[in-house]
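Observations on the model geometry
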Amino acid sequence: MKQTVLVEVKNLKKYFPIKGGILKRTIGHIKAVDDVSFTMYKGETLGIVGESGSGKSTMGRTMIRLYEPTEGEVFFEGDNLFKYSRKEMRRVRKGMQMVFQDPFASLNPRMTIAELIEEPMVVHKLYDRSERNEKVKELLNKVGLQAEYGSLYPHEFSGGQRQRVGLARALSINPKLIIADEPVSALDVSVQAQVINLMKDLQDEFELTYLFIAHDLSVVKHLSDRVGVMYLGRLVELANKKDLYSGPVHPYTQALLSAVPVPNPRLKKERIILEGDIPSPANPPSGCVFHPRCKYATDRCRVEKPLWREIAKDHYVACHLVD
Amino acid sequence: MQTEPLLIIRDLKTYFYTDGKEVKAVDGVNFQIYKGETVALVGESGSGKSVTSMSILRLIPDPPGKIVNGEIIFNKLDLLKLSESDINEIRGNEISMIFQEPMTSLNPVFTIGEQIMEGLRHHHNLDKANARKKAIRLLQLVGFPRAEDIIDEYPHQLSGGMRQRAMIAMAMSLEPKLLIADEPTTALDVTIQAQILELMRDVKEKFNTSILLITHDLGVVAEMADRVLVMYGGQIVEEGDVYTIFESPNHPYTKGLLSSIPSLNDDKDRLESIEGTVPAAHEFPKGCRFAPRCGEKKLSICEEKLPQLQEIGNGHKVRCFLYERVEA
């Protein structure tokens with residue numbers, strides 16, 4: 001299969017300043033995303049997993065400049081997104097949409113479902129009114145909701161239905177890339193499966209590329225073609241799904257996978273229990289950021305930052321152990 | 001397994017009254033927990049699992065809630081008949097509870113140590129020095145390397161996983177016979193969850209504590225539980241040992257739940273999903289509460305009558321007309 005590159009992320013960094021003292025001067029930085037690089041191909045789902053504080057959400061948002069990047073470049077269809085002014089960026093962002101954990105947290109509760117789905121088309125000045133109405137009906141149908149639901153308000157919807165509306169809204173302006181940030185983690189399992197299946201169907205139909213950000217490794221495995229693992233602002237491993245889940249190389253990936261409880265009572269897993277918590281991204285450890293919790297850590301890991309390298313075809317790791 | 005259960009719940013009904021509506025959050029629940037056993041109560045949001053657990057310690061806010069029927073027999077005592085001061089002697093002492101969000105049970109203005117010591121001094125009559133010694137031992141037991149320092153810290157100084165461990169230390173401080181854990185790891189990251197589950201297993205072995213584990217995570221259930229109760233619409237729809245539930249479930253809801261979760265161990269292309277959503281407790285259908293979502297061949301009786309929970313063999317019980325025993 002010939003793969004076309006859709007997105008190229010190069011050395012992306014996002015630091016948030018920490019203000020302090022009487023003069024509210026910057027006294028440090030939270031390195032939420034620290035030197036991340038990867039490529040996304042057209043039509044694939046790239047899963048990003050990580051625990052809270054790993055920077056996975058910040059990375060997704062910085063990529064499409066919902067946060068302004070500190071450093072680095074992101075190319076979308078060969079076009080450097082960071083060269084645009086904020087105003088121009090609004091137009092460019094039409095090709096990429098975000099889906100959130102609770103899509104309605106940031107939406108106007110006084111708008112009907114139909115108005116909410118229509119809104120992005122209005123903002124981007126697409127179609128005339130009657131075409132938009134047709135489009136809204138079609139989209140409701142595509143995400144498995146009856147057209148009559150268009151006249152209802154968000155509070156009348158369950159979590160699963162809201163996520164369907166979130167998807168319809170994102171799709172209304174025909175994006176190529178969808179960044180989905182924990183889209184199913186607030187849903188009950190029976191409903192979660194419905195939304196996951198819907199996302200797969202929509203991907204096939206609209207040739208979408210997904211960046212799927214989640215903390216649930218089983219869900220990510222189910223939906224993704226390739227998976228990247230983040231820890232403390234950095235990618236530590238990225239490979240196609242099969243290689244990553246059956247042969248994880250980075251000690252953090254190994255521990256993370258071993259920690260996932262499997263719904264099979266006969267399976268007694270060999271578990272790697274990590275000591276302690278994730279350190280603060282305001283003051284990340286020296287060298288390899290994982291070294292304080294890594295049982296294989298050597299002196300080198302404490303001082304030298306491991307490089308992000310391709311160790312086998314399409315399998316990237318940042319770890320000194322694989323040298 | 002012993003013949004004498006530690007906890008017996010008979011026909012528990014906990015209803016809520018809001019806006020003139022009667023909401024049957026828990027509607028006729030029966031089960032037992034034996035000594036040293038871990039029983040998982042599984043269900044989606046709105047199934048009544050948390051209300052069941054809160055009812056055991058009589059923590060249901062009244063109004064709007066009320067335990068309208070049933071018996072909760074703990075150690076031969078009916079908890080529903082006890083006076084407020086008698087139930088207070090049981091809470092935290094013989095039965096303790098841990099929650100999803102530790103800050104709901106940790107007081108932000110007291111140090112971790114003060115909160116653990118309070119129970120020890122009140123229930124076990126320890127003096128301050130001995131209570132402090134015991135609290136430090138407990139904090140070490142739950143995996144704090146700097147227990148002597150942590151004891152004087154406030155909850156806000158700890159991370160989420162540490163707070164959860166502090167809460168477990170507090171819950172275990174009086175060596176309860178029963179620990180009720182309501183979604184104890186849901187808010188935690190998987191690596192921290194693994195630490196906490198391991199800790200709960202250790203603690204259970206050490207004190208032979210019975211655990212009622214409330215969760216929606218079937219992976220956690222498979223790992224921790226001896227027996228499983230599946231709740232739907234305020235009722236138990238299936239009960240069995242953990243192997244039966246995972247390997248030969250009978251109720252269409254249990255089957256649906258199990259096939260709708262993605263697992264690290266298999267490579268299904270498509271998840272099977274259950275149609276629709278969990279009904280609200282004030283709008284249950286007349287017949288079987290799962291009937292509107294049921295994917296199996298439905299009988300006409302399913303929409304007319306509520307099926308009973310029936311034993312179909314060796315502790316395996318199902319509430320479904322498809323498995324109704326034919327009375328001879």
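Residues numbered from 1 in each chain as written. Chains lettered and ligands numbered in written order. Predicted model: local features only at pLDDT ≥ 70, side-chain atom pairs only at ≥ 80, totals over all residues.

Some words on the interface of chain A and chain B
At the junction of the two partners, chain A supplies 32 residues and chain B supplies 37 residues. Of all the secondary structure elements, the ones that give two or more residues to the side of chain A that touches chain B are helix H6 (189-206), helix H7 (217-223) and helix H9 (251-259) of chain A. Looking at the side of chain A that touches chain B, the element that brings in the most residues is H6(A), giving seven residues. (Contact = placed C-beta atoms within 7 Å. Helix = DSSP H or I, 4+ residues; strand = E, 2+ residues; numbered from the N terminus.)

Observations regarding the domain arrangement of chain B
All names here are of chain B. You can read the domains of chain B as domain 1 (7-94 + 174-323) and domain 2 (99-173). Spacing between the C-alpha centres of domain 1 and domain 2 amounts to 29 Å. Across the contact, 18 residues belong to domain 1 and 16 residues belong to domain 2. Of all the secondary structure elements, the ones that give two or more residues to the side of domain 1 that touches domain 2 are strand E7 (178-182) and helix H7 (190-207). Considering each element in turn, the side of domain 1 that touches domain 2 owes the most residues, six residues, to H7. Residue composition of the side of domain 1 that touches domain 2, by class: eleven nonpolar, four polar and three charged. (Domains from an automatic or database assignment. Nonpolar A, V, L, I, M, F, W, Y, C, P; charged D, E, K, R; others polar.)

Some remarks on the sheet that holds strand E5 (residues 79-80) of chain A
All names here are of chain A. Taken in spatial order, the four strands make up an open sheet running E2-E1-E4-E5, and their pairing is antiparallel. Whereas interior strands pair on both sides, the edge strands pair on one side only; in this sheet they are strand E2 (25-41) and E5. Here strand E4 (residues 71-76) pairs with E5 via two bridges, running antiparallel. Within the sheet, the bridge partner assigned to phenylalanine 76 lies in E5 and is aspartate 79. (Pairing = 2+ DSSP bridges.)

Looking at helix H1 (residues 56-63) of chain A
Across the eight residues of H1(A), seven count as buried, placing the element largely inside the fold. Along H1(A), the residues classified as buried are Lys56(A), Ser57(A), Thr58(A), Met59(A), Gly60(A), Thr62(A) and Met63(A). (Buried ≥ 20, exposed ≤ 12 C-beta atoms within 10 Å, placed from the backbone.)

Thoughts on the environment of His282(B)
Residue and element names in this part refer to chain B. Relative to the helices and strands, histidine 282 resides in the loop between helix H10 (252-260) and strand E11 (310-313). Histidine 282 sits in the partly exposed class, given 13 other C-beta atoms within 10 Å. On a C-alpha basis, the gap between histidine 282 and isoleucine 56 in space is 22 Å, while along the polypeptide they are 226 residues apart. Once you skip the residues sitting within four places of it in the chain, histidine 282 turns out to touch Lys21 and Val23.

Some words on the UniProt feature "domain: ABC transporter" (unreviewed entry) in chain A
Feature annotation in UniProt assigns "domain: ABC transporter" (unreviewed entry) to the following positions: residues 7-257 of chain A. Along residues 7-257 of chain A the backbone is 36% helical and 29% strand, and the end-to-end C-alpha distance reaches 27 Å. (UniProt positions renumbered as here; feature names shortened; annotations may be inferred.)

A look at the environment of Val236(A)
Residues and elements named next belong to chain A. Along the chain, the position of valine 236 falls in strand E10 (residues 234-240). A count of 27 C-beta atoms within 10 Å places valine 236 in the buried class. Sequence separation between valine 236 and serine 280 is 44 residues; the distance between their C-alpha atoms is 17 Å. If we skip the residues at most four places from it in the chain, valine 236 touches Val229, Tyr231, His250, Tyr252, Thr253, Phe290 and Ala318.

Some words on the packing of helix H3 (residues 113-123) of chain A against helix H4 (residues 129-142) of chain A
Residue and element names in this part refer to chain A. Orientation of H3 relative to H4, taken along the N-to-C sense of each, is 120°, at an axis distance of 10 Å. Relative to H4, H3 is oriented oblique. Between H3 and H4 lies a crossing of right-handed hand. Note on element contacts: H4 touches H3 through Arg132, Lys135, Val136 and Leu139, opposite Ala114, Ile117, Glu118 and Met121. Here the residues of the contact of H3 with H4 sort into five nonpolar, no polar and three charged. (Axes fitted to C-alpha atoms, helices over the stretch in contact; angles between N-to-C directions. Parallel < 35°, antiparallel > 145°, perpendicular 65-115°, else oblique. Left-handed = near helix turned anticlockwise from the far one by under 90°.)

Some points on the UniProt feature "domain: ABC transporter" (unreviewed entry) in chain B
In the UniProt entry, the feature "domain: ABC transporter" (unreviewed entry) is given for residues 9-258 of chain B. For residues 9-258 of chain B, the end-to-end C-alpha separation is 26 Å, with 39% helix and 27% strand making up the annotated structure.

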